Amino acid sequence: MRTLNIGVMAHVDAGKTSLTERLLFDTGAITALGSVDAGTTQTDTGAIERQRGITVRSAVTSFRLGETQVNVIDTPGHTDFVAEVDRALELLDAAVLVISAVEGVQAHTRVLFRVLREMGLPVLIFVNKIDRAGARDIGLLDDIRTGLARHVLPLTTVHESGTAHARVRSKSLDDKAFQLKAAETLAELDDSLLSRLVDGPPPTAAELGAAIAEFTARGAVYPVYFGSALHGTGIRELLHGIETLLRPRPNDPAAAPEGVVFAIDRTASGAKIAYLRLFSGTVTARQRMTLRRAAPDGGEYAGRITSLQVVGGGTRLTAGNIGKITGWPRVRVGDRLASNGERGRPVAHLAEPTLRTVVRPRTGTPSRLHLALRQLSEQDPLLHIRTEADGTTSVLLYGEIQKQIIAATLADEFGIAAEFELSEPVHIERVTGVGAAAEVMDRHTPRPCGFWATVGLRVEPADGIRFDYETELGALPRAFHTAIEETVYAILRAGPHGRTVTDCLVTLTHSGFAPPVSTAADFRGLTRIVLLRALHLAGTQILEPHHAFETEIPSDALAPVTAHLTTLAAAITETTQPTPTTWLVRGTLPARNAHAAQQLLPTLTRGEATWLSRPAAYKPLP
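Analysis parameters
Residues numbered from 1 in each chain as written. Predicted model: local features only at pLDDT ≥ 70, side-chain atom pairs only at ≥ 80, totals over all residues. Heavy atoms only, no water. Helix = DSSP H or I, 4+ residues; strand = E, 2+ residues; numbered from the N terminus. Buried < 20%, exposed > 50% of the residue type's maximum accessible area, 1.4 Å probe, protein only. Contact = heavy atoms within 4.5 Å. Salt bridge = Lys/Arg side-chain N within 4 Å of Asp/Glu carboxyl O. Phe/Tyr/Trp six-rings, centres within 6.5 Å; stacked < 30°, edge-to-face > 60°. Axes fitted to C-alpha atoms, helices over the stretch in contact; angles between N-to-C directions. Parallel < 35°, antiparallel > 145°, perpendicular 65-115°, else oblique. Nonpolar A, V, L, I, M, F, W, Y, C, P; charged D, E, K, R; others polar. Pairing = 2+ DSSP bridges. pLDDT = per-residue confidence, 0-100.

Caption draft 1: View of the overall build of the protein. What the protein contains, in helices and strands, is 15 helices and 33 strands. Burial status across the protein gives 51% buried among its 622 residues. If you take every contact in the protein between residues at least 6 apart in sequence, the share linking residues at least 24 apart comes to 73%.

Caption draft 2: Expanded view of the pattern of salt bridges. A complete count under the given rule lists 26 salt bridges for this structure. Taking the shortest distance from any N to any O, the salt bridge between E421 and R360 comes out at 2.4 Å. Taken together, the residues span a long stretch of sequence, with E421 in the loop between β22 (418–420) and β23 (424–425) and R360 in strand β19 (residues 355–361) at a distance of 61 residues. Here R360 falls in the partly exposed class, since its relative accessible area comes to 31%. In this structure, the salt-bridge partner of R586 is E574, at a minimum N-O distance of 3.3 Å.

Caption draft 3: Expanded view of the packing of aromatic side chains. Taken as a whole and judged by the stated rule, the model has five aromatic pairs. Residues F467 and Y469 carry aromatic rings whose centres are separated by 5.1 Å and whose planes lie at 90 degrees to one another, so their mutual orientation is edge-to-face. You can call F467 buried: its relative accessible area is 12%. Judged by relative accessible area, which is 22%, Y469 ranks as partly exposed. Considering the side-chain rings of F480 and F513, the 5.7 Å spacing of their centres and the 70 degrees angle between planes classify their relative orientation as edge-to-face. Taken together, the residues F480 in helix α12 (residues 478–494) and F513 in the loop between β29 (504–512) and α13 (520–538) connect sequence positions 33 residues apart.

Caption draft 4: Seen up close, the packing of helix α1 (residues 16–26) against helix α9 (residues 235–245). Between α1 and α9, the least distance of the axes is 11 Å, while the angle of their chain directions is 85 degrees. It follows that α1 is roughly perpendicular to α9 by the angle criterion. Of the residues in α9, those in contact with L19, R22, L23 and D26 of α1 are I235, L238 and L239. Across the contact of α1 with α9, the residue classes tally to five nonpolar, no polar and two charged.

Caption draft 5: Fine view of the sheet that holds β29. Read from one edge to the other, the open sheet built from four strands follows the order β25-β26-β29-β27, with strand pairing classed as mixed. The open sheet terminates on both sides in strands that have one partner only, identified here as β25 (435–439) and β27 (465–469). Between one strand axis and the next, the sheet turns by 15 degrees as a mean value, whatever way the strands run. Pairing between strand β26 (residues 454–461) and β29: eight bridges, direction antiparallel. Each bridged residue has a counterpart across the sheet, and for V459 the counterpart in β29 is V506. Across the face of the sheet, α12 comes into contact with β26, β27 and β29 while running at roughly 155 degrees to β27. Lying on the sheet, α13 is in contact with β25, β26 and β29; it crosses β26 at an angle near 35 degrees.

Caption draft 6: Highlighting the pairing of strand β31 (residues 571–579). Relative to strand β32 (residues 582–590), β31 runs antiparallel, the two sharing six bridges. For T575, the partnering residue across the bridge sits in β32 and is V585. Where β31 hands over to β32, the hairpin turn is made up of two residues, counted between the paired strands.

Caption draft 7: Looking closely at the environment of L473. Inspection of the secondary structure assignment puts L473 in the loop between β27 and α12. Of the residues examined, L473 reaches a relative accessible area of 54% and is grouped as exposed. Between the alpha carbons of L473 and S511 there is a distance of 9.8 Å; along the sequence they are 38 residues apart.

Caption draft 8: Representation of the confidence of the model for the protein within the structure. Per-chain confidence: the protein averages 86 in pLDDT, with 89% of residues scoring 70 or above. Scored below 50 in pLDDT, residues 341–350 shows 25 contacts in the model against residues more than four places distant or in partner chains.

Caption draft 9: Spatial organisation of the environment of G66. Of note, G66 is situated in the loop between β2 (59–65) and β3 (68–74). Note: C-alpha distance between G66 and M1 (65 residues apart in sequence) is 8.7 Å. Apart from the residues lying within four places of it in its own chain, the contact partners of G66 are M1 and E243.

Caption draft 10: How the structure looks around the packing of helix α6 (residues 176–187) against helix α7 (residues 191–199). Relative orientation of the contacting elements α6 and α7 amounts to 135 degrees, with a least axis distance of 8 Å. By the criterion of interaxial angle, the relationship of α6 to α7 is oblique. Touching L180, A183, E184, L186 and A187 of α6 are L193, L194 and L197, all from α7. Split by residue class, the contact of α6 with α7 holds seven nonpolar, no polar and one charged.

Caption draft 11: Structural context of unusual backbone geometry. With omega at -10 degrees, the peptide bond leading from G200 into P201 counts as cis. Considering the arrangement of structural elements, one finds P201 in the loop between α7 and α8 (205–217). Cis geometry is adopted by the peptide bond preceding P516, which originates at P515 and carries an omega value of 0 degrees. Inspection of the secondary structure puts P516 in the loop between β29 and α13.

Caption draft 12: Just the side chain of S394, in detail. With respect to the helices and strands, S394 occurs in strand β21 (residues 393–397). A relative accessible area of 2% places S394 in the buried class. Look past the residues within four positions of S394 in its chain and what remains in contact with it is R356, T357, V358, H384, I385, R386 and E388.

This is the structure we're talking about:
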């Protein structure tokens, strides 16, 4: 039995959750179809997901196709949850990209496809809702070739598209016309096929079938299937494509266990359930494992597996499969089984959230609210929770929808009514020069600033945040060294003015203590004073987040749109004309203006513009 991990991905409301439900039903994994509108689907398990009809967190379910077990990761489609999409991509062997036959290729569809293509993942395209009024087929294929990829190959045709009687028929490689069309598409990627088309003999049906499978597995050709998830039209043909055209990536069950935790759930008693995708090795219950956490928290920890449930069945989790594990109370999303090896497949990286909001409880206590937010952050490591100097709690976000989801989750799952302040961009500070400060114990000042300690620090620009020593490591007890270093990192995270300080090297230049009266608290208190003074002397520059944007607009709207963007401090880096009637405009603009840029576009373009933006870089604040 082979295992195939696929992702179902789409722009919001294209029907990916409904498609997942239909795949499960048609393969016998479930006995009744759930409904997104009724909130009864298998993958949208959270109350908020059921109420809103959108997927917020990645979910896993499975079905069988002959000798293949297919694990389906149903990923979020809304742009506010791109962090979930990012994490899901590493788990996948392939993806099914869902496009609405009515709405067509949308802004986020292009973002998802671009990332899938950059990672080299095989992709099947499923054109959904062919039975809805306004559905297109031939015209939509042209849009897919223009907006996504040239080398698409429709493997089904639609009859009576846009009506309740729409039906799908498979294309046969025995059909000479389809043979020629398929051969011409593949010949653009294969010189030997091109030569045979020109000089003969032409490729046989069997050779073309093998070539389609090979180029699909390489992520070079993208088969297209038409259908309706709601009524099951075209699902049989899509399942055949999943079984015959998609392949698991290589897994080594004999190697050391290596995997990643990509989701967290909880038992009825509150214990954590970790969803682990295993890339190599074998894992069993009662086994003691070491897990590694990524920066900025870093570090390793060990835990024993108390229970193991393999998705799809079984008691041993083998390479290529997904397991639900309890026994790791410290686990967080993104933690990895410790190993000296690194994953060979590149992982798409998305910038951290660039919006900040302060949240306060209308019911319940601030400490209870903070604890609930901490639990939510375990499920999303990019959801950063911070306690501000005045005791309030702030949250970093991707967008306003995410804020609404957090508020609804706090109310439904924790019984906490919370109110959020208006979101604002997250500014950071970067060190611009060198600054040094010190407080030294001597006979004139035995307790500098009231502390039994000597601390000297130098701050200077660097790549990333680092801490170093010019003093002897053994000159202080270990607890005092730890107190200094932890305080340095804490101060830099909070910043002297509430903004994180990045890209600097902090060096300990002086140290000393007075036994037996010095304590770690003395070093924490004095380190804070000295570091803030050194930062002031070094000088810092405030930077604000910028988004990279891309908008496709009608040709006659180019002048008013570019003028509008310029007033919002946008830097336009590229204008191209992908079709005779449209312009594609790319550039960057301050994150504070991204929402305003998007809001006026429909007015300037008669509602024909598409817009996408994502965090890109930090630039000096004017």
